[in-house]
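Secondary and tertiary structure notes
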There are 2 protein chains.
Amino acid sequence: MKKTFSQSEENYLKVIFKLSFNKTSLVSTNSIASALKTAAASVTEMVSKLSQKGMLDYERYKGVKLTKEGSIVAKMLVRNHRLWESFLVDKLHYSWDEVHEIAEQLEHVKSQTLIDRLEEFLGFPKFDPHGDPIPDKNGKITMKEDVPLIQLLTGDVGVITGVKEHTKAFLKYLDQFGLVLGTNIQVLDKYEYDNSVKIRINDQAEQVVSEKVGQQIRIQKI
Amino acid sequence: MKKTFSQSEENYLKVIFKLSFNKTSLVSTNSIASALKTAAASVTEMVSKLSQKGMLDYERYKGVKLTKEGSIVAKMLVRNHRLWESFLVDKLHYSWDEVHEIAEQLEHVKSQTLIDRLEEFLGFPKFDPHGDPIPDKNGKITMKEDVPLIQLLTGDVGVITGVKEHTKAFLKYLDQFGLVLGTNIQVLDKYEYDNSVKIRINDQAEQVVSEKVGQQIRIQKI
DNA sequence: TATTATTTTTAGGCTTACCTAAAAATAGAA
DNA sequence: TTCTATTTTTAGGTAAGCCTAAAAATAATA
């Protein structure tokens with residue numbers, strides 16, 4: 001008998017999944033609260049509930065960790081989200097800064113078959129419009145070998161393959177400079193003073209990029 | 001400032017819209033309750049709330065009627081539902097008996113632009129997979145001139161253009177006999193005893209159809 | 001018209017998912 | 001180590017949307 005989850009429960013699982021990505025330590029109540037913009041007390045409540053449901057390992061005052069089962073549920077939500085984002089951009093011609101809120105709703109639609117059919121319809125994409133990997137139906141994730149722009153050295157050349165931040169403001173900012181997925185980047189200079197980087201974009205315009213921005217852009221070196 | 005509605009509120013509006021279709025009289029509390037499978041007391045509560053929001057005209061012990069505004073909201077929900085059903089059948093290759101529950105969820109997704117973009121992507125369909133008309137973005141509905149199969153006379157010829165009942169059981173039953181949208185029907189005989197009808201399907205198989213089924217199938221005469 | 005049956009509403013409760021404020025536990029600094 | 005600051009939990013409350021049972025209003029029937 002298959003367990004079901006409310007949208008709220010699903011949002012908690014997804015956030016915990018993201019907060020514990022590439023981390024062995026436990027996720028704190030407060031970090032969940034700030035990610036979900038809820039009170040810490042509400043998190044304590046939900047976290048006990050989800051651990052009773054077998055989705056989390058929870059130790060009072062310590063923090064939480066997804067169980068195997070919880071991790072699978074969370075990963076499927078990430079899959080849903082990223083496939084819907086791909087649909088919105090590829091088929092409905094939304095731009096990458098418009099799709100998050102809509103996908104946030106679509107990801108909760110319950111159906112045994114819907115998301116697999118959507119994936120097939122989209123041609124089994126491996127990455128979403130922000131360059132994030134889409135877990136396949138077994139939860140397998142295709143890894144990329146990209147690094148933050150900020151880590152490149154003078155002279156390095158590469159292609160933009162992803163962005164870490166998904167806010168509308170940030171993505172629109174990137175659009176202005178043509179810094180979209182697939183764009184060619186060459187590092188012309190690095191300034192130690194503020195960790196900014198001068199780059200050449202698609203062999204044309206030069207642009208100085210701040211440390212903050214450079215940390216959010218991921219590059220595949222070539 | 002745009003009014004927003006919970007999924008629950010939306011479901012009430014949609015059901016009231018359907019129950020009051022082609023009817024001038026008020027919709028009763030009990031009929032809403034049975035359509036939504038909720039207790040009558042819950043309906044009273046929600047109906048007062050929706051009338052306070054200006055969506056319904058409600059008179060205690062009498063019944064309800066959608067206001068102009070409520071009617072628009074309801075029609076947009078019907079539009080959402082039917083466009084999503086079209087998407088599921090046309091693009092994801094679901095059959096007409098599988099789409100209702102999924103569309104029931106998708107119809108509640110909130111976005112200013114999503115449904116119009118979906119409509120465009122689908123090529124502005126006028127009817128959904130069950131032959132029901134899809135309201136356009138202004139709420140305009142294309143009317144059809146079809147009649148229940150049961151009303152045809154011996155010798156009449158026509159095409160199936162719609163079905164009134166959307167249950168999985170009924171639609172699967174129709175599939176078995178090839179009684180799908182676009183199928184050619186010729187009335188061979190009518191039996192007064194039980195109001196059943198003998199038909200020829202696509203100039204091939206003969207089939208006797210019960211009164212119950214004949215009332216649910218809509219035919220455009222040719 | 002009086003009585004009975006049906007429909008609808010009110011009253012009081014429950015669950016989920018939030019909240020604030022206070023108490024308890026843990027972590028950090030002197 | 002002890003005291004203070006921070007984090008987390010507990011306690012007690014709220015709103016939405018549902019419920020059942022009882023009361024009130026309306027409709028049907030003798």
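Residues numbered from 1 in each chain as written. Chains lettered and ligands numbered in written order. Predicted model: local features only at pLDDT ≥ 70, side-chain atom pairs only at ≥ 80, totals over all residues. Heavy atoms only, no water.

**Some thoughts on the side chain of Thr67(B)**
All names here are of chain B. Relative to the elements of secondary structure, Thr67 occurs in the loop between β2 (63-66) and α4 (68-90). A distance of 2.7 Å separates a polar atom in the side chain of Thr67 from the backbone oxygen of Gly54. Polar contacts involving the side chain of Thr67 include one to the main-chain amide nitrogen of Gly70, which spans 3.0 Å. Those residues in contact with Thr67 that lie beyond four places of it in its chain are Gly54, Met55, Leu56 and Asp57. (Helix = DSSP H or I, 4+ residues; strand = E, 2+ residues; numbered from the N terminus. Polar contact = N/O pair within 3.5 Å; in protein donor to acceptor, adjacent residues only side chain to side chain. Contact = heavy atoms within 4.5 Å.)

**Observations regarding the interface of chain B and chain A**
Put simply, an interface is often sized by how much accessible area is lost when its parts join up. Taken together, the contact pairs 20 residues of chain B with 20 residues of chain A. For the chain B and chain A pair, buried surface summed over both sides reaches about 1,700 Å², with 65% attributable to carbon and sulfur atoms. Seen at the junction of chain B and chain A, the total is 0 salt bridges. Counting only elements with at least two residues in the side of chain B that touches chain A, the list comes to α4, α5 (100-106) and α6 (114-121) of chain B. If you tally residues by element for the side of chain B that touches chain A, the top one is α6(B), at 4 residues. Split into classes, the residues belonging to the side of chain B that touches chain A amount to 11 nonpolar, 5 polar and 4 charged. (Buried area = accessible area lost by both parts, 1.4 Å probe. Salt bridge = Lys/Arg side-chain N within 4 Å of Asp/Glu carboxyl O. Nonpolar A, V, L, I, M, F, W, Y, C, P; charged D, E, K, R; others polar.)

**Some details on the sheet that holds strand β4 (residues 157-163) of chain B**
Spatial strand order, β3-β8-β4-β5-β6-β7 (chain B): 6 strands in an open sheet with antiparallel pairing. One side of each edge strand has no neighbouring strand; the edge strands of this open sheet are β3 (147-148) and β7 (206-209) of chain B. (Pairing = 2+ DSSP bridges.)

**Re the protein's contact with DNA strand D**
In the neighbourhood of DNA strand D, 21 residues make up the surrounding shell, with Tyr58(A), Ser6(B), Ala39(B), Ser42(B) and Lys49(B) lying closest. Here, DNA strand D places atoms within 4 Å of the protein, and 78% of those atoms are sugar or phosphate. No other element matches the 5 residues that helix α3 (residues 40-52) of chain B contributes to the surface near DNA strand D. Each residue belonging to the surface near DNA strand D can be placed in one class, and the counts come to 9 nonpolar, 8 polar and 4 charged. (Near = heavy atom within 4 Å.)

**A look at the sheet that holds strand β8 (residues 217-221) of chain A**
Residue and element names in this part refer to chain A. As summarised here, the arrangement of the 6 strands in space is β3-β8-β4-β5-β6-β7, forming an open sheet in which the pairing is antiparallel. The sheet terminates laterally at β3 (146-148) and β7 (206-209), the two strands that pair on one side only. The mean angle between the axes of side-by-side strands here comes to 45°, regardless of whether they run parallel or antiparallel. As defined by bridge partners, β3 adjoins β8 across 3 bridges and the pair is classed as antiparallel. Bridge pairing in β8 links Val147 to Ile219. (Axes fitted to C-alpha atoms, helices over the stretch in contact; angles between N-to-C directions.)

**Details of the relation of the copies chain B and chain A**
Once turned by 180° and shifted 0.0 Å along the axis, chain B lies on chain A with an RMSD of 0.1 Å. One copy is carried onto the other by what is essentially a two-fold rotation axis. Residue Leu106(B) of chain B places its C-alpha closer to the rotation axis than any other residue of that unit, at 3.6 Å. Comparing interface residues between copies, 100% of those in chain B also sit at the interface in chain A, which points to an isologous, same-surface contact. (Least-squares fit on C-alpha atoms with pLDDT ≥ 70 in both.)

**Describing the domain arrangement of chain A**
All names here are of chain A. Taken domain by domain, chain A comprises domain 1 (7-66), domain 2 (79-143) and domain 3 (146-221). Facing the 7 residues of domain 2 at the interface are 12 residues of domain 3. Interface area for domain 2 against domain 3, summed over the two sides, is near 840 Å², with a carbon-plus-sulfur share of 60%. On the domain 2 side of the interface with domain 3, the three residues burying the most area are Trp96, Asp97 and His130, jointly 71% of the side's total. Scanning the region where domain 2 abuts domain 3 turns up 0 salt bridges. Residue composition of the side of domain 2 that touches domain 3, by class: 2 nonpolar, 2 polar and 3 charged. (Domains from an automatic or database assignment.)

**Some points on the nonpolar core**
Counting 34 residues, the largest nonpolar core has Trp84(A), Phe87(A), Leu88(A), Trp84(B), Phe87(B) and Leu88(B) as the members making the most contacts within it. For this core, the secondary-structure elements that each account for two or more residues are α4 (68-90), α5 (100-106) and α6 (114-121) of chain A together with α4, α5 and α6 of chain B. Residues in contact with Leu88(B), not counting those within four places in the same chain, are Leu114(A), His93(B), Tyr94(B), Val99(B), Ile102(B), Ala103(B) and Leu106(B). (Core = buried A, V, L, I, M, F, W, Y, C linked by side-chain atoms within 4.5 Å. Buried < 20%, exposed > 50% of the residue type's maximum accessible area, 1.4 Å probe, protein only.)

**Looking at the protein's contact with DNA strand C**
Close to DNA strand C lie 21 residues, the nearest being Ser6(A), Ser8(A), Ser42(A), Lys49(A) and Tyr58(B). Protein-proximal atoms of DNA strand C, defined as those within 4 Å of the protein, fall in sugar or phosphate at a share of 78%. Between DNA strand C and the protein, one listed contact pairs a phosphate oxygen with a side-chain N or O atom of Ser8(A) at 2.5 Å. One nitrogen or oxygen atom from the side chain of Thr29(B) is found 3.0 Å from a phosphate oxygen belonging to DNA strand C. Listing elements by their share of the surface near DNA strand C, those giving two or more residues are α1 (7-19) and α3 (40-52) of chain A together with α2 (29-36) and α3 of chain B. Taken together, the residues of the surface near DNA strand C sort by class into 9 nonpolar, 8 polar and 4 charged.

**Side note on the pairing of strand β5 (residues 184-191) of chain A**
All names here are of chain A. The pairing of strand β4 (residues 157-163) with β5 spans 3 bridges and is antiparallel. Note on β5: the bridge partner recorded for Val157 is Gln186. Bridge analysis of β5 against strand β6 (residues 196-201) gives 6 bridges, and the strand direction is antiparallel. Across the sheet, Gln186 pairs through a bridge with Arg200, a residue of β6. A loop of 4 residues connects β5 with β6, the two strands running antiparallel in sequence, and Asn195 in this loop sits at a positive phi of about 60°.

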